[in-house]
Amino acid sequence: MGTKGKAIVGVDVKKLLEMLNKAYADEWLAYYQYWVGSKVACGRMRGIIAGELAEHAAEELKHAEMLTQRIITLGGIPLLTPEDLIKETNCGYDAPSDPDTVKLLKQNIKGEQCAIETYKKLLDFVKGNDPITYHIILEILEDEVEHEEDLESLLSDMK
Ligand code: FE
Ligand code: FE
Ligand code: MG
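**Remarks on the layout of surface pockets**
- In this structure, the largest pocket encloses a volume near 270 Å³.
- In this structure, the largest pocket is lined by 20 residues; those nearest its centre are A30, Q33, C91, G111 and E112.
- At the level of elements, α2 (13-40) and α5 (101-126) are the ones that each hand at least two residues to the lining of the largest pocket.
- In this structure, the second largest pocket encloses a volume near 170 Å³.
- Lining the second largest pocket are K14, L17, E18, N21, K22, G76, I77, L79, D84, K87 and E88.
- Classifying every residue of the lining of the second largest pocket by side-chain character gives 3 nonpolar, 2 polar and 6 charged.

**Here's the deal with the side chain of Q107**
- Within the secondary structure, Q107 sits in helix α5.
- Its relative accessible area of 9% is what places Q107 among the buried residues.
- In this structure, Q107 is in contact with Q33, D94, A95 and P96, ignoring residues within four places of it in sequence.

What counts and what doesn't
- Residues numbered from 1 in each chain as written.
- Chains lettered and ligands numbered in written order.
- Predicted model: local features only at pLDDT ≥ 70, side-chain atom pairs only at ≥ 80, totals over all residues.
- Heavy atoms only, no water.
- 1 Å grid on protein atoms, 1.4 Å probe; cavity = no way out; pocket = protein on both sides within 12 Å on 5 of 7 lines; lining within 4 Å.
- Points joined across faces, edges and corners; volume = space filled by probe spheres on them.
- Helix = DSSP H or I, 4+ residues; strand = E, 2+ residues; numbered from the N terminus.
- Nonpolar A, V, L, I, M, F, W, Y, C, P; charged D, E, K, R; others polar.
- Buried < 20%, exposed > 50% of the residue type's maximum accessible area, 1.4 Å probe, protein only.
- Contact = heavy atoms within 4.5 Å.

This is the structure in structure tokens:
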């Protein structure tokens, strides 16, 4: 990153990189949880729900991409191994071992709620001190809020 670009980052960059890498781990695990969930889904409204899960998977991968770009620009290194993803994640990985659509929705709602909390904390951390990261995180947070809403309305459609 350029000299002035670096100078306007008014937070502890090491701490910020740690937080960004943890969110990066969450995104990869969320991506995989959605992606494999969309493949194994069965039960009521399977077609619609598998489609929504696949769509969210693609969006989580896009978030991982956005985070890794910012990590590299800030002089950091994205986590390099699957072991590190598991070690650093905030939100964990919830295997879709029960492929029932209601179960999958509930698992992924839990994941989205954790993501919303994580990004709210990141947003508070950079607020007023790193406008570029703030902008990226805000964009991701908007998607996570939409994801939660999409899944909760699918779940309520099933009642
Ligand atoms: Fe995400
Ligand atoms: Fe999400
Ligand atoms: Mg959606």
